[in-house]
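Descriptive analysis of the structure
Here's the letter readout for the chains.
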Amino acid sequence: MSQGSSQRQHRPHRVAVIVDEGTNPFEVGVATELFGLPRPELGLPGPLYEVTLCAPAPDIRMNHGFFTLTGVRGLDAVAEADTLVVPGRPDNVVPRGPDVLDAIRRAHARGARVMSFCTGTFALAEAGLLDGRRAATHWRWADSFRRLHPKVLLEPDVLYVDEGDVLTAAGSAAALDLGLYVWRLDHGAEIANHVSRRLVFASHRDGGQRQFVERPVPQVRDASLGPLLAWAQERLGDPLTVADLAARARVSPATLHRRFRAQLGTTPLAWLTGERVALACRLIERGEERLDVVAARSGLGTAANLRARLRRATGLSPSAYRRRFGTGGGEALVS
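Below or above, wherever it landed, is the structure these notes cover.

Scoring rules and cut-offs
- Throughout this document, residue positions are counted from 1 along each chain, in the order its sequence is written.
- Totals for whole chains, interfaces and linings use every residue, but because this is a predicted model, local features are given only for residues with pLDDT of at least 70 and side-chain atom pairs only at 80 or more, for both listing and counting.
- The side-chain numbers reported here are obtained from all heavy atoms of the structure, hydrogens and water having been left aside.
- Only one rule defines a salt bridge in this text: a Lys or Arg side-chain nitrogen within 4 Å of an Asp or Glu carboxyl oxygen.
- Numbering goes from the N terminus for both helices and strands, where a helix is a DSSP run of H or I of at least four residues and a strand is a run of E of at least two.
- For every residue, the accessible area obtained with a 1.4 Å probe (protein chains only) is divided by the maximum for its type, and the residue is called buried under 20%, exposed over 50%, and partly exposed between those limits.
- Angular values range over 0 to 180 degrees, each being the angle between N-to-C directions of two axes fitted as lines to C-alpha atoms, with helices fitted over their stretch in contact.
- Roughly parallel covers angles under 35 degrees, roughly antiparallel covers those over 145, roughly perpendicular covers 65 to 115, and oblique covers all other angles.
- In what follows, residue pairs with any heavy atoms lying within 4.5 Å of each other are defined as contacts.
- The nonpolar class holds Ala, Val, Leu, Ile, Met, Phe, Trp, Tyr, Cys and Pro. Asp, Glu, Lys and Arg form the charged class, and all remaining residues, Gly among them, are polar.
- We call a crossing left-handed when the near helix sits turned anticlockwise from the far one by less than a right angle, and right-handed when that turn is clockwise.
- Multiplying 1.5 Å by the helix residue count minus one yields the expected span of that helix.
- Note that the arc is computed from the directions linking the helix axis to the C-beta atoms.
- Should DSSP find at least two bridges between two strands, the strands are taken to pair.
- The crossover handedness rule: strands pointing away from the viewer, path from first strand over the helix to second strand clockwise, crossover right-handed.

Thoughts on the pattern of salt bridges
- Overall, the coordinates contain 19 salt bridges when judged by the stated rule.
- Ionic pairing is found between Glu 163 and Arg 134, a salt bridge with its closest N-O pair at 3.0 Å. Of this pair, Glu 163 sits in the loop between β9 (160–162) and β10 (166–169) while Arg 134 sits in strand β7 (residues 134–135), placing them 29 residues apart in sequence.
- Of the residues examined, Glu 163 reaches a relative accessible area of 24% and is grouped as partly exposed.
- Classification of Arg 134 by relative accessible area gives partly exposed; the value is 31%.
- Here the salt bridges do not stand alone but share partners, grouping Arg 133, Arg 134, Glu 155, Glu 163 and Asp 165 into one network.

Encoded structure:
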C-alpha cells in the first residue's frame, strides 16, 4: 500500500458538502461514505479526509420531503474546505439561493477544488465556474442544461469530467466513480482500490465511459463478462490481445466488442489497457524502481509505452508518480 503521501500530510483534507433545499440524499450519502468514514483497514496513523455538512438554513428539507436535515454547520464551513462538494437536486430550473452561489464562488476563487455530483453541475454553472469549460451532468437533464447554460461545453454521455480545479459527475452512481477517481488522484491506485473494495464497487471506471449501457437479456447461457474479466486480471503481464479474450470467451472479437459495450460501456482494448495502467501504478507505489520491469509485469510492454499511458491516465511521469505515491520516496525510476 502507498503511504508516502499520507505520511507527508499534516492534517486531513477538509471536505465540505453543501446541502441545499431539495438536495438528493443519495449524493450526500456518497460524499460522507467516500470521505467521511474512518478507514482503519488502511493502517494509517490518522484519517485522510474529514467531512463537514453545511447548509444555508438551520433546517433543510431534502428531496421529496423524505426527511429534514438539522444540526449541521452554516455555509461559513465552506471557507475552511480544501474540497467543496455540491450534490444534485431535481428542481434544476429553480435558481440556487445567492448565498449558496456566493459560497461556491468564494471557495473556487481561493483555490479550493470544487466537485458536483449529478445535477449539482447546474449550481456550478449558475455560479459561473463552467463557462467555456467541459462538464458532465445526468443525461436526463442534458437538454435543459444546454438551454440554461449554453456557454458550458456539456459532454452528455460520459461519467465524469476533470477540469483540474472543477470536477463534475453525471448520474448518482457516477458520483462514486468520481469520488474514487479523486482518491486515486490524492493517494494513488493502491489506497483507492482498498476504498473501492470496502464499497464493493468497481475500482476504476474511466470518466469517458458512457453514462448508461444496454443490458439485454443474454442470448446464451452465462453471457456475463465477470469470469472473463477475472481471468484476464490474473494474466495482465501476458501478451493478451482482444483476440485472446474472445477465444477465452468462445465468441468472435465482434461479439466480444458488443458485450463489452453493452455491459461495461467501453471496448475490450480500452478495458485491458486501463487494467494494465492500474497494475503499473500499484507496482510503482509498492516500490518497484525498474521501469522496464513495471512495463513487462503490467503488460504494457515497453518503458516508452508505460510513460505515455501513465501520463495520459494520471498526468504524471512514472518518476513523478513514484515521488507522489510511492513507498520509497526515490527521485527516479530507471530503465
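Alright, that's what it looks like, and here's the rest.
Things to note about the packing of helix α11 (residues 291–298) against helix α12 (residues 303–314)
- Here α11 crosses α12 at 80 degrees, and the two axes come no closer than 8 Å. On the basis of their axis angle, the class for α11 and α12 is roughly perpendicular. Residues Leu 291, Val 294 and Ala 295 of α11 form the contact with α12, whose participating residues are Ala 303, Leu 306 and Arg 307.
- Partitioned by chemical class, the residues of the contact of α11 with α12 number five nonpolar, no polar and one charged.

Notes on the packing of helix α10 (residues 268–285) against helix α13 (residues 318–325)
- At a minimum axis separation of 9 Å, α10 and α13 run at an interaxial angle of 55 degrees. In terms of axis orientation, α10 runs oblique to α13. α13 is crossed by α10, and the crossing has right-handed handedness. When α10 is examined against α13, the residues Cys 281, Ile 284 and Glu 285 are found in contact with a partner set consisting of Pro 318, Tyr 321, Arg 322 and Phe 325.
- A per-class count over the contact of α10 with α13 returns five nonpolar, no polar and two charged.

Overview of α12
- Between the first and last C-alpha of α12 there are 16 Å, a value that for 12 residues agrees with the 16 Å anticipated at 1.5 Å per step.
- Among all positions of α12, only Ala 303, Leu 306 and Leu 310 are buried. The buried residues of α12 all sit within an arc of 55 degrees when viewed along its axis, so they share a single face. When the buried face of α12 is taken as reference, the exposed residues oriented beyond 90 degrees from it are Ala 304 and Arg 312.
- Just downstream of α12, Gly 315 is the residue with a positive phi angle, here 80 degrees.

What about unusual backbone geometry?
- A positive phi is found at Cys 118, a non-glycine position, where the angle reads about 55 degrees.
- When you line up the elements, Cys 118 lands in the loop between β6 (113–116) and α4 (120–126).
- Residue Cys 118 is classed as buried on the basis of its relative accessible area of 4%.
- A positive phi angle is found at Arg 250, which is not glycine, with a value near 60 degrees.
- Secondary-structure assignment places Arg 250 in the loop between α8 (242–249) and α9 (253–264).

Observations concerning the pairing of β6
- Residues Arg 113 and Met 115 of β6 are buried on one face, and the alternating residues Val 114 and Ser 116, pointing to the opposite face, are buried as well.
- Examined bridge by bridge, strand β5 (residues 83–86) and β6 share four bridges and lie parallel to one another. Directly across from Thr 83, in β6, lies its bridge partner Arg 113.
- Running through helix α3 (residues 98–109), the crossover from β5 to the neighbouring parallel element β6 is right-handed.
- Of the pairings in the sheet, the one linking β6 to β10 comprises three bridges and is parallel in character. The residue bridging Ser 116 from the neighbouring strand is Thr 168, located in β10.

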